[in-house]
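Analysis of the macromolecular model
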Amino acid sequence: MRYRTLNNLSGWIVFGISFAVYVSTLEPTASMWDCSEFVACAYKLQVSHAPGAPLFMIIARLFTLLAGNDVQKVAMMVNLLSATVSALTVMLLFWTITILANKAVHAGNNKEKGKIAIMITAGFLGSLSFAFTDSFWFSAVEAEVYALSSFLTALVFWAILRWKNHPDRVYASRWLLFIAFIMSISIGVHLLNLLVIPAILYILLSRNKDSDKRTLLRSLVISIIVLGFMMLLFIPGIARISSVIDLFCVNMLNLPINSGLYITFAMLVLLLTLLLVRAVRRKNIIRQTTILSLIFMIAGYTCYLSIMLRSQENISVDMNNPDNPFSLYHFLNREHYGSRPLL
């Protein structure tokens, strides 16, 4: 059997083992903490506590449809979402380990049977050991955001390793665009995914070179800048700009509320289109990839529009009522929680 076929088959076997165990230990109903709130909000697409986890709610809502007309099974179906994505996380971890093991044993293209056995065994031991760790197993059987967030984190890291295998191949940058999109939609689940940014940047900067202290230091510095951009500018920034424009449009131009949001997105589309056209004309691949990544990030981030749309319907559970850019900005900043010195 070829290594690629064996590796893929083994990954799905790991998925099957994990999924079977998670389903057999699945919670039949809701836990008495955030899980109950998430189940109730997912069932009717309502607004949970800040920052709302809109993507989780949308996907969980799809799983609640599996309950049919039996409302008593709704919680179990949302728990099933966690079990499914957790098993997929373990499978991605298996493939991540085999990619790293391939580098460690210097297998290359001509893989000997002994080295194949080492890589596959490492994948099984590492992934299944993680599958049954206390915290991960708990999140895999209940309706929490951590399971889906872990899956998206594993998916991003697996993708950057796939890119690293062939960074100079034609269309290799599609992996980078995929990562940008997945990281942006993961904001609609949990911010855990942002923690993988330093590792991604280190792999990007090291590329085919041997790792050294200088590359590590550069990646750490750039990581701090990127994390700052994501946390302080990108996530709250669009809502903040929309609120300022909305204030001007409503008070000065007598336009309806939320006009600023539409104008902000129109401005972003126009600006990014112009920048992309200019980069294409100059044949600057790095700039093209950067702008396209930003476009994919904004596209994924639009899942937060569902928060505003549902809040405007005056639903039963509507935490902080984020039905306009102003309240959405405060909602994203979690201002009602208060503050503390993080340093």
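These remarks concern the structure in this document. No experiment lies behind these values; they were computed from the predicted model shown. The numbers attached to residues start from 1 for each chain and follow its sequence in the written order. In keeping with the model being predicted, local features are shown solely for residues with a pLDDT of at least 70 and side-chain atom pairs are shown and tallied solely at 80 or more, while totals for entire chains, interfaces and linings include all residues. Side-chain calculation: all heavy atoms of the structure are included, whereas hydrogens and water are not.

**What to know about the packing of aromatic side chains**
Defined as follows: Stacked, tilted and edge-to-face are the three classes assigned to paired rings of Phe, Tyr and Trp, where Trp is represented by its six-membered ring and a pair needs centres within 6.5 Å; plane angles under 30 degrees give stacked, over 60 edge-to-face, the rest tilted. A run of H or I in DSSP counts as a helix once it spans at least four residues, and a run of E counts as a strand once it spans at least two, with each numbered from the N terminus. Buried residues are those whose accessible area, probed at 1.4 Å on protein chains only, stays under 20% of the maximum for their type, while exposed residues exceed 50% and partly exposed ones sit between those limits. Whether a charge sits over a ring comes down to the Lys NZ or Arg CZ being within 6 Å of the ring centre and within 35 degrees of the ring normal.
The tally for this structure, following the rule as stated, stands at 15 aromatic pairs. When the ring of phenylalanine 234 is compared with that of tyrosine 301, the centres are 5.1 Å apart and the planes differ by 55°; the resulting orientation is tilted. Of this pair, phenylalanine 234 sits in helix H10 (residues 213-252) while tyrosine 301 is found in helix H12 (residues 285-301), placing the two residues 67 residues apart along the sequence. Comparing phenylalanine 234 with tyrosine 301, the two get one shared label, buried. Through successive ring pairs, a cluster of aromatic residues spans Trp12, Phe15, Phe19, Trp95, Trp158, Trp175 and Phe178. Lying over the aromatic face of tyrosine 329, arginine 240 brings its terminal NZ or CZ to 5.1 Å of the ring centre.

**Some words on helix H2 (residues 34-43)**
Definition in use: We call two residues contacting when some pair of their heavy atoms lies within 4.5 Å.
Of all the residues in H2, the buried ones are Cys35, Glu37, Phe38, Val39, Cys41 and Ala42. Those residues of H2 hidden inside the fold are in contact with helix H3 (54-64), helix H4 (74-104) and helix H7 (145-165).

**Focus on the nonpolar core**
Soluble, globular proteins show a tendency: their nonpolar side chains are buried together. Rule in force here: The nonpolar core is taken to be a set of buried Ala, Val, Leu, Ile, Met, Phe, Trp, Tyr and Cys residues, with the residues joined through side-chain atoms within 4.5 Å.
Tyr22, Phe56, Phe151, Met183, Phe234 and Tyr301 are the most contacted members of the largest nonpolar core, which has 97 residues in total. Sorting elements by how many residues they give to this core places H4 first, with 17 residues.

**As for the environment of isoleucine 291**
Inspection of the secondary structure puts isoleucine 291 in helix H12. A relative accessible area of 9% places isoleucine 291 in the buried class. For the pair isoleucine 291 and leucine 276, spaced 15 residues apart in sequence, the C-alpha to C-alpha distance is 6.3 Å. Ignoring anything within four residues of it in the chain, the contact list for isoleucine 291 reads Leu272, Leu275, Leu276 and Ala279.

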